[in-house]
Amino acid sequence: MSDEARLGAYLDAAETRQLAALAEFVAFASISSSPAAQPAIARCADWIQQQARAAGFDEVTAFPTSGNPVVLATLASPDPDAPTILMYGHYDVQPADPAEWQTDPFSPEIRDGRIYGRGVSDNKAPIMINLNAVRACRELYGSVPCNLVYVIEGDEERTAEPLGEFSRDHADLLAADVLHVADSWMHEPGVPAVTIGVRGMAALDFSVSTARWNLHSGIYGGAVPNAVSVLAELLAGLHDANGRVAVAGFYDPVAEAADEERARWAAFAPEPAAYLAETGSRYLAGETPYTPLEQIWARPTLEINGAWGGFRGEGIHTIVPASAHAKITCRLVADQDPQQVIDQIAEHLRLHTPVGAELVIESTLAGCAPLSMPADSPAVRAAAAALEAVWERPAVVGRAGYSVPAAEVMARHAAGNAFLMGFALAGERAHGPDEHFHLENFRKGIEATVGFWRGYAAAS
Ligand SMILES: [Zn+2]
């Protein structure tokens, strides 16, 4: 019997047990944002430790943090040359309002090939896929081909701070060759994905003031500056006519995606019409000459999230506004540093604020750095090959436009080598009512994870 066939037979036999365990996991209302859920969180953290031990991890420990415990499970491969994979998941979930659900969010139910329950897609089924893959390797082959360091935290839906503390305080336990984050999506139903780049994030709020109070537009209008006009000009000056960010130095650390990478992306880039339908946007914008997919995956952005000032009530109010405000966030790529970008934008605003007007940077947030790793690295190739073998079609090896703060925190222990390979689908309503997970991808996910470990170990 081939290894694949043995694994298939094993999974047939283990299915009932695996699904029962997944349902137990989902039944914990481990809502990290709810103080009332503390007992459920504690029980869930205990339960996941038992499961990791049962799966065959050598050592399983719960580390207290300023938030919920971080569970760390480690396993050494018998092969002294085996690579080490740092894995990441979270056992906490979003709140769920039972009134919006067809079934109770914490009484999981299987119907139509899916399992329904809060947190099943984000991130409990993916965690059980990894634990089941470990157990399958142990029971079928006696050992796991890679060293595994699995971090399962309990605050992802709330804050990255406890994970940051844990990562700082226990760096010695986390060193790895690559980080695998399973908290992510397939490209689309039936099409697996390896995500090898996510964007970083930086934010800044500011205000401009041109007078100490709003002024009568009849008595003073024309002779005094208008803060909303000043703000509008400042905001308009943040981009040039080609949609490029006009802030000096902004693009200096941004490397162009390689031609072959862009050519590969072009093969599955959605048509512009698809973006229009998906977003409801009336037309497409952005930086020329990049395609929408390139803009989202490989280019940084500066987005004005909100701007306000002056009179916004009903009717008219003939004033010259004294102050105006705006909020900006950026998505970052390549080697852009969040703090440096904030400094560049602040400097740009200072330079362009009219003499006499007062600019105040109200608050800033150096959210997280971008992450990317090469498509031709052994881990990515092994992941893509394993996915292709299971789904019988090539995996989409690409990037994503969003940011994953937890991945950035963990990636520093793997020299920045981080990728996302998850088996959730975008339509599974993570964070929404009737969250579910497709059982087909549960089983295939276990097969692909085992295949990835074997392929990566063989290539290392
Ligand atoms: Zn998640």
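Residues numbered from 1 in each chain as written. Predicted model: local features only at pLDDT ≥ 70, side-chain atom pairs only at ≥ 80, totals over all residues. Heavy atoms only, no water.

*Asks:* What exactly am I supposed to notice about the pairing of strand S6 (residues 147-153) here?
*Replies:* A regular strand places its side chains so that they alternate between the two faces of the sheet. Most of S6 sits out of view: seven of its seven residues are buried. Judged by which residues are buried, S6 turns out to be covered on both faces: Asn147, Val149, Val151 and Glu153 on one side and Leu148, Tyr150 and Ile152 on the other are all buried. Bridging between strand S2 (residues 70-75) and S6 involves five bridges; their strand directions are antiparallel. Each residue of the ladder has a partner; that of Leu72, found in S6, is Val151. Across seven bridges, strand S3 (residues 84-90) lies against S6 in parallel orientation. Pairing of Thr84 across the sheet is with Asn147, part of S6. (Buried < 20%, exposed > 50% of the residue type's maximum accessible area, 1.4 Å probe, protein only. Helix = DSSP H or I, 4+ residues; strand = E, 2+ residues; numbered from the N terminus. Pairing = 2+ DSSP bridges.)

*Asks:* So what exactly am I meant to see when it comes to the coordination of the zinc ion here?
*Replies:* Tetrahedral metal sites with four donors have an ideal angle of 109.5 degrees; octahedral sites with six donors have ideal angles of 90 or 180 degrees. Around the zinc ion, the protein supplies His90 (NE2), Asp122 (OD), Asp183 (OD) and Asp183 (OD) as donor atoms, at distances of 1.8 to 2.5 Å. Between the four donor atoms coordinating the zinc ion, the angles at the centre fall across 53 to 139 degrees, so the site counts as irregular. All donors to the zinc ion come from one chain, and their sequence spacing reads H-x31-D-x60-D. Highlighted residues: Asp122 in helix H3 (residues 120-141) and Asp183 in the loop between strand S7 (178-181) and strand S8 (193-195), separated in sequence by 61 residues. The pair formed by Asp122 and Asp183 is uniform in burial state, with each residue classed as buried. (Donors = N, O, S within 2.8 Å, 3.2 Å for Na, K, Ca; no water. Tetrahedral: all angles 85-135°; square planar, octahedral: opposite > 155°, others 65-115°.)

*Asks:* Please clarify how the packing of aromatic side chains should be interpreted in this entry.
*Replies:* The tally for this structure, following the rule as stated, stands at 12 aromatic pairs. For the ring pair Phe28 and Trp47, a centre distance of 5.9 Å and an interplane angle of 55 degrees mean the geometry is tilted. Of this pair, Phe28 sits in the loop between helix H1 (3-27) and helix H2 (38-55) while Trp47 is found in helix H2, placing the two residues 19 residues apart along the sequence. Like Trp47, Phe28 is buried. Counting every residue linked through ring pairs, the aromatic cluster contains Phe25, Phe28 and Trp47. (Phe/Tyr/Trp six-rings, centres within 6.5 Å; stacked < 30°, edge-to-face > 60°.)

*Asks:* Can you walk me through the environment of Gly237 in this structure?
*Replies:* Its location among the elements puts Gly237 in the loop between helix H6 (227-236) and helix H7 (259-266). A residue is classified by how much of its surface remains accessible, and Gly237, at 30% relative accessible area, is partly exposed. What Gly237 contacts, discounting residues up to four positions off in sequence, is Ala246 and His348. (Contact = heavy atoms within 4.5 Å.)

*Asks:* Got a minute to help me understand the nonpolar core in this structure?
*Replies:* If you look at the biggest cluster of nonpolar residues, it comprises 73 residues, and the most contacted ones within it are Phe57, Leu148, Phe419, Phe452 and Trp453. The biggest single contributor to this core is H3, with 11 residues. Once you skip the residues sitting within four places of it in the chain, Phe57 turns out to touch Ala52, Ala73, Thr74, Leu75, Met87, Leu131, Val134, Arg138, Leu148 and Tyr150. Counting 28 residues, the second-largest nonpolar core is a separate cluster that includes Val245, Ile328, Leu332 and Val333. (Core = buried A, V, L, I, M, F, W, Y, C linked by side-chain atoms within 4.5 Å.)

*Asks:* Mind showing me how you'd approach the pairing of strand S14 (residues 323-332) here?
*Replies:* Only one face of S14 is buried, namely the one carrying Ala324, Ala326, Ile328, Cys330 and Leu332, since none of Ser323, His325, Lys327, Thr329 and Arg331 on the opposite face is buried. Sheet topology note: the strand S10 (residues 200-209)/S14 ladder contains 10 bridges and is antiparallel. Of the residues in S14, the one forming a bridge with Ala203 is Thr329. Both strand S12 (residues 301-309) and S14 contribute to a ladder of eight bridges, which runs antiparallel.

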